[in-house]
Amino acid sequence: MGSTPQQEVALAALPGPSPPPPAGSGSGSAETGQEMRQAHSSPAHDRSSSRLRGLSPMAMEREKPVIFLIRPSTLTSVSGEGWHGGLVSDRCHRPKPLGNSEPASGALPMGEEGAEYGGLPDSADTGAGASPSPSIRKLSIIPLIFLIFYEVSGGPFGIEDTVGAAGPLLAIAGFLLLPVIWSVPEALITAELGTMFPENGGFVVWVASALGPYWGFQQGWVKWLSGVIDNALYPVLFLDYLKSAVPALGGGAPRALAVVGLTALLTLLNYRGLTVVGWVAICLGVFSLIPFLVMGLVSIPKLRPARWLAVDLHDVDWNLYLNTLFWNLNYWDSISTLSGEVENPSKTLPKALFYAVILVVVAYLYPLLAGTGALPLEDKAQWTDGYFADVARLLGGAWLMWWVQAASALSNMGMFVAEMSSDSYQLLGMAERGMLPAFFARRSRRHGTPLVGILFSASGVLLLSAMSFQEIVAAENFLYCFGMILEFLAFVLLRVRRPDAPRPYRVPLGTAGCVAMLLPPTALIVVVLALSTLKVALVSLGAVAIGLVLQPALRFVEKKRWLRFSVNPDLPDIDVTRQQPAAPNEPFVA
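What counts and how
Residues numbered from 1 in each chain as written. Predicted model: local features only at pLDDT ≥ 70, side-chain atom pairs only at ≥ 80, totals over all residues. Heavy atoms only, no water. Salt bridge = Lys/Arg side-chain N within 4 Å of Asp/Glu carboxyl O. Helix = DSSP H or I, 4+ residues; strand = E, 2+ residues; numbered from the N terminus. Buried < 20%, exposed > 50% of the residue type's maximum accessible area, 1.4 Å probe, protein only. Phe/Tyr/Trp six-rings, centres within 6.5 Å; stacked < 30°, edge-to-face > 60°. Lys NZ or Arg CZ within 6 Å of the ring centre and 35° of its normal. 1 Å grid on protein atoms, 1.4 Å probe; cavity = no way out; pocket = protein on both sides within 12 Å on 5 of 7 lines; lining within 4 Å. Points joined across faces, edges and corners; volume = space filled by probe spheres on them. UniProt positions renumbered as here; feature names shortened; annotations may be inferred. Expected span 1.5 Å × (residues − 1). Core = buried A, V, L, I, M, F, W, Y, C linked by side-chain atoms within 4.5 Å. Axes fitted to C-alpha atoms, helices over the stretch in contact; angles between N-to-C directions. Parallel < 35°, antiparallel > 145°, perpendicular 65-115°, else oblique. Left-handed = near helix turned anticlockwise from the far one by under 90°. Contact = heavy atoms within 4.5 Å. Nonpolar A, V, L, I, M, F, W, Y, C, P; charged D, E, K, R; others polar.

1. Quick look at the pattern of salt bridges
Under the criterion given, the structure shown has eight salt bridges. In this structure, Lys223 engages Asp333 in a salt bridge whose closest nitrogen and oxygen atoms are separated by 2.1 Å. One end of the pair, Lys223, is in helix H8 (residues 213-231); the other, Asp333, is in the loop between helix H12 (318-328) and helix H13 (345-374), with 110 residues separating them in the sequence. Residue classification places Lys223 among the buried residues on the basis of a relative accessible area of 4%. Using a relative accessible area of 0% as the deciding quantity, one classes Asp333 as buried. Residue Lys223 is joined to Glu487 by a salt bridge in which the shortest nitrogen-to-oxygen separation is 3.1 Å. Separated by 264 residues along the polypeptide, Lys223 in helix H8 and Glu487 in helix H17 (residues 469-497) bring together distant segments of the chain. The same class applies to Lys223 as to Glu487, namely buried.

As structure tokens, this is what we get:
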């Protein structure tokens, strides 16, 4: 009986003497076997085998031999128990028949000459069971700038507490200095690593490549959790701005129903695709910033520069001051989880980050200078969340106040859709790396969006929406700090271990300069953590502890095959610490 093409491939891949042609096979079969043996010993095979090591984070430490299955130009490895009568385990992708007119293209390891990221596999060639998706439209630079703007800022709403906590001088100084200390370094790191690894795993892949899959998962867990906690703010803040007009939204069942309805509506926008989200962000951004432009113009005749210098160092709430500054100027790296959806990310992402930094800083300082310079500081306690609406009324009248309130409400919608996009695509990217079950990698057939990730993130928002504003800000800052420590460490380690790896954008500093650049933001992280309350610290540390045991639990689930885990073979190797590929005839032990 003649063998199938898959059986010939398996025989040709085994190390040792070349197997004889199967009985009854013609010359075509013999030639095919010879071609497979040549492919097995070729340099392309070396690169492919090197690529696959590190692509399966949950299975890296399995002490089981593997056999190689070779298809025309890609090598796929599976554990020995995954081959049963020609069947391939869920952890791999089935080899295409040799007669397939579309040979798969093997990706090269990150850092190899000519390495590049491939597109997502189609449904016929994916072990993740991803639904066939339409041609996915990529983000261009303008929508990307506004998505970053809403990931980080969304406008000056929420910065009033800096004046209430420390007075005008420290508030203005904070929004001048902290962008240099924190925002610029974080944006530079995002530009370098986001273009080095242009995929939806974002910062998860950065940490996994430098510290291994376990810490990559921890990075994904704390960053996703902090993002969902952050997103729980926005439906609440939206209703807070409307309750003056609709008092019933102040509490009880009407408020709870409004939170659910608003969350469902904004979740639907994310389901429709990033192109829709991007243009919604542009429209909301323009509408939200114009009233502050008007407010600044109206304030010019009343400006008194001496008012900007008011400060009382003996009456400063440093915890509230630093947490408010930090919350309003972080999350620059969140856009990295959308890198796989960006058009020409090597050029688009750095430019978008540059323009977004300018937009965010100006959007904070302009209304802050107008409000504190045009109005006397009679009682700084009045400067709390939402006070810019009162400033607009005092400077321009009721019509400007209503405009600012409407802008604030819509800005919260923009921040919600931007944050949910980042959170849901992060889960998709983690699933494509095998860190989460394969169903997280499914995309909508119609819109190409990560449906499971969107629903999962929306559920987290609803569960956390009952927290108070101050608790949410403090808890998310605490978790975010943990993630940034891992991110800084990964950035430096990648510079040390792979200095010559392709980086379409490179921070114009040497390794020592990069370390020096990271010292001030690291000191800020220490201060923010030290100023946290005991309650926030305990809750946040409990959340971190969950992540420490969740990754081994998922690994156990994978070993038991209770859930399906899969790796996208078109993604390059992220284990950049490995220097030498295995020998052509040496099977890789995962």
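2. Concerning the packing of aromatic side chains
Within this structure, the stated rule accounts for 21 aromatic pairs. Judged by centre distance (5.7 Å) and plane angle (85°), the rings of Phe292 and Phe388 are edge-to-face. Of the two residues, Phe292 is situated in helix H11 (residues 274-299) and Phe388 in helix H14 (residues 387-396); the sequence distance between them amounts to 96 residues. A connected cluster of aromatic rings, assembled from ring pairs, spans Phe157, Phe292, Trp383, Tyr387 and Phe388. Lying over the aromatic face of Phe203, Lys223 brings its terminal NZ or CZ to 4.3 Å of the ring centre.

3. Overview of empty space enclosed by the protein
Empty space left among the atoms is revealed by rolling a probe the size of a water molecule over them. Following the criterion strictly, the structure yields four cavities of 30 Å³ or more and no others. Considered as a void within the structure, the largest cavity measures approximately 90 Å³ in volume. Lining the largest cavity are 15 residues, and of these Val152, Ser153, Tyr234, Trp327 and Met415 lie nearest its centre. Of all elements in the fold, only helix H4 (141-152) and H12 reach the threshold of two or more residues within the lining of the largest cavity.

4. Re the UniProt feature "transmembrane region" (unreviewed entry) in the protein
In this numbering, the UniProt entry assigns the feature "transmembrane region" (unreviewed entry) to residues 277-298, 353-377, 397-418, 451-471, 477-496, 508-531 and 537-557. For residues 277-298, the helix share is 100%, the strand share is 0%, and the end-to-end C-alpha distance is 32 Å. Strand forms 0% of residues 397-418 and helix 95%; the C-alpha atoms that close the span are 32 Å apart.

5. Here we look at H8
One full turn of an α-helix is made of 3.6 residues, so residues set three or four places apart face in the same direction. The terminal C-alpha atoms of H8, which comprises 19 residues, lie 26 Å apart, in line with the 27 Å expected from a rise of 1.5 Å per residue. Of all 19 residues that make up H8, 17 are buried, and the element is covered over most of its length.

6. Considerations on the nonpolar core
Ranked by internal contacts, the top residues of the largest apolar core, which has 138 residues, are Ile148, Trp182 and Phe491. Take this core: its biggest share by element is 15 residues, from helix H15 (residues 398-432).

7. Quick look at the packing of H8 against H15
Close contact between H8 and H15 brings their axes to 10 Å; oriented N to C, the two are set at 160°. In terms of orientation, H8 lies roughly antiparallel with respect to H15. Judged by the sense of rotation from one axis to the other, the crossing of H8 with H15 is left-handed. Residues Phe217, Gly220, Lys223, Trp224, Gly227, Val228, Asp230 and Asn231 of H8 touch H15, and the partners they reach there are Met415, Phe416, Glu419, Met420, Asp423, Gln426, Leu427 and Met430. Split by residue class, the contact of H8 with H15 holds eight nonpolar, four polar and four charged.

8. Comments concerning unusual backbone geometry
Look at Tyr331: it is not a glycine, yet its phi comes out positive at around 75°. Relative to the elements of secondary structure, Tyr331 occurs in the loop between H12 and H13. Overall, the relative accessible area of 3% leaves Tyr331 in the buried class. Positioned with a positive phi, Asn344 is a non-glycine residue whose angle comes to about 50°.

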